[in-house]
Amino acid sequence: MIKKTFIIAEIAQAHDGNITEVHNYIDALSKTGIDIIKFQTHIAVAESSIYEPFRIKFSERDKTRFDYWKRMEFSFEQWVEIKEHCNQVGIEFMSSPFSNAAVDLLEKVGVKRYKVGSGEVSNFLLLEKLAQTKKPIIVSTGMSSYDELDKTAQFLRARNISFSLLQCTTSYPTVSNQWGLNVIEELKKRYQVPIGFSDHSSSIEACIAAVVLGAEIIEFHAVFDKNSKGPDAKSSLTINEISQLVKAVRNIENAIKKPVNKNKNELFHDLKQIFEKSLAVNKNLKEGHILSFNDLEAKKPKGYGISADKFELIIGKKLLRNMKQWEFLNMNDIE
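Fair warning: this is a prediction, and the values are worked out from it, not measured in the lab.

What counts as what
Residues numbered from 1 in each chain as written. Predicted model: local features only at pLDDT ≥ 70, side-chain atom pairs only at ≥ 80, totals over all residues. Heavy atoms only, no water. Phe/Tyr/Trp six-rings, centres within 6.5 Å; stacked < 30°, edge-to-face > 60°. Helix = DSSP H or I, 4+ residues; strand = E, 2+ residues; numbered from the N terminus. Expected span 1.5 Å × (residues − 1). Buried < 20%, exposed > 50% of the residue type's maximum accessible area, 1.4 Å probe, protein only. Arc of directions from axis to C-beta. Contact = heavy atoms within 4.5 Å. Salt bridge = Lys/Arg side-chain N within 4 Å of Asp/Glu carboxyl O. Domains from an automatic or database assignment. Core = buried A, V, L, I, M, F, W, Y, C linked by side-chain atoms within 4.5 Å. UniProt positions renumbered as here; feature names shortened; annotations may be inferred.

1. Topic: the packing of aromatic side chains
Right, so step 1: A full pass over the atoms with the stated rule returns nine aromatic pairs.
Right, so step 2: Taking 5.4 Å as the distance between ring centres and 35 degrees as the angle between the ring planes, the aromatic pair formed by Phe39 and Phe93 counts as tilted. With Phe39 in strand β2 (residues 36-41) and Phe93 in strand β3 (residues 92-97), this pair connects stretches of sequence that are 54 residues apart.
Right, so step 3: A connected cluster of aromatic rings, assembled from ring pairs, spans Phe39, Phe74, Trp79 and Phe93.

2. Observations concerning helix α4 (residues 76-88)
Right, so step 1: Counted at 1.5 Å a residue, the expected span for α4 with its 13 residues is 18 Å, and the 18 Å between its end C-alpha atoms agrees.
Right, so step 2: Inspection of α4 places Trp79, Ile82, Lys83, His85 and Cys86 among the buried residues, and these make up the whole buried set. An end-on view of α4 places all buried positions within 155 degrees of arc, on one side of the element. The exposed residues of α4 that point more than 90 degrees off its buried face are Glu77 and Gln88.
Right, so step 3: For α4, the secondary structure elements touched by its buried residues are α1 (19-29), β2, β3 and α5 (100-109).
Right, so step 4: Among the residues trailing α4, Gly90 stands out with phi positive, at a value near 75 degrees.

3. A short note on the pattern of salt bridges
Right, so step 1: In this structure the tally under the stated criterion is 21 salt bridges.
Right, so step 2: Lys272 is the partner of Glu276 in a salt bridge, and the nearest nitrogen-oxygen pair spans 2.5 Å.
Right, so step 3: The class for Glu276 is partly exposed, based on a relative accessible area of 29%.
Right, so step 4: Using a relative accessible area of 27% as the deciding quantity, one classes Lys272 as partly exposed.
Right, so step 5: Taking the shortest distance from any N to any O, the salt bridge between Asp333 and Arg321 comes out at 2.7 Å. Of this pair, Asp333 sits in the segment after α12 (311-314) while Arg321 sits in the segment after α12, and the two are twelve residues apart along the sequence.

4. Points about the domain arrangement of the protein
Right, so step 1: When the domains of the protein are assigned, the result is domain 1 (6-257) and domain 2 (266-328).
Right, so step 2: Put simply, the middle of domain 1 and the middle of domain 2, counted by C-alpha atoms, are 64 Å apart.

5. Notes on the nonpolar core
Right, so step 1: Counting residues in hydrophobic clusters, the biggest one holds 67 residues, and the most contacted among them are Ile34, Phe39, Ile218 and Phe220.
Right, so step 2: With residues near it in sequence (within four places) discarded, Ile34 still touches Ile7, Ala9, Leu29, Ile91, Phe220, Ile242 and Val246.
Right, so step 3: Judged by nonpolar contacts, the second largest core, of eleven residues, contains Val281, Leu285, Leu296 and Ile306.

6. Quick notes on the UniProt feature "domain: AFP-like" (unreviewed entry) in the protein
Right, so step 1: Residues annotated in UniProt with the feature "domain: AFP-like" (unreviewed entry) correspond here to residues 278-335.
Right, so step 2: Secondary structure over residues 278-335 splits into 7% helix and 14% strand, and the C-alpha atoms at its two ends are 18 Å apart.

7. Some remarks on unusual backbone geometry
Right, so step 1: The omega torsion across Tyr172 and Pro173 is -10 degrees, close enough to zero to call that bond cis.
Right, so step 2: Along the chain, Pro173 turns up in the loop between β6 (163-168) and α8 (182-191).
Right, so step 3: Of the consecutive residues Lys300 and Pro301, the connecting peptide bond is found in the cis state with omega at 0 degrees.
Right, so step 4: As for its position among the elements, Pro301 is in the loop between β10 (296-299) and α12.
Right, so step 5: Even without being glycine, Asp16 reaches a positive phi, approximately 55 degrees.
Right, so step 6: You can see Asp16 is positioned in the loop between β1 (6-10) and α1.
Right, so step 7: Asp16 sits in the partly exposed class, given a relative accessible area of 32%.
Right, so step 8: One non-glycine residue, Gln192, lies in positive phi territory at about 55 degrees.
Right, so step 9: Tracing the sequence through the fold places Gln192 in the loop between α8 and β7 (195-199).

Set out below in structure tokens:
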């Protein structure tokens, strides 16, 4: 039986460092039906340097990527405020740490599980720090080969850490031939852990397809306006799109949990009587006429003549009486 799909909406840097905007996102996302709101916890001095380049140049305010991360930071008190707001609206708070210092902060704030971004899969220093918390880890596989993932899985298993993997393509936005939906099944077979899908496509189709193919977790970026500034805006889903996606996923779950038995069609007995058909003649015919295929028509409802699926049995038979056009044909009408 399919488990409930974990639906994760990532705010990431959509708030642009504005704590008020963070709360606006929490309120908006709380109405969509998602399970988890994910953030990113950045401590610039611990994770970056002035030498880090911009992935895409989207900010005129920040001279360096380091300056940008600095502006994205929140204080411990603000993180506590953010988590409390998530608690109030009944949504789990989760964050991706990008340094050991960020893990220390999040441990104080309180999280149930951690998310590891694609760029941290081979950061065994961070993975060791996370392993020491003994909490479950969700790992995005975007930039990793199977050889690299094998090493990460081995590292986590050696520490008895529960983990799941997300198929992810590190391309913003991801076009359909980059989704890698086939990888979901490959990951399931290779690692025997829960597998999900992290999406950057800016559309709901990819996540819907992933759930149909067995993804137990889906993750995507949330944004109020795809035309806003920020590294992920054009790869994100709007609040309205997220609501549509959640509804679709829950319907898919319900469908999979309740398979239809095509051998049990008793419920359709009355409808079958209406829609299925009986044989009739399509022209006036004389007694003694030898019936051919071109003499026959099938008419609603079922049960007023020979069933239409038996037409081959009466071809070549002789009529025992005169018949008028469109009369139903019964067994007592033929020899």
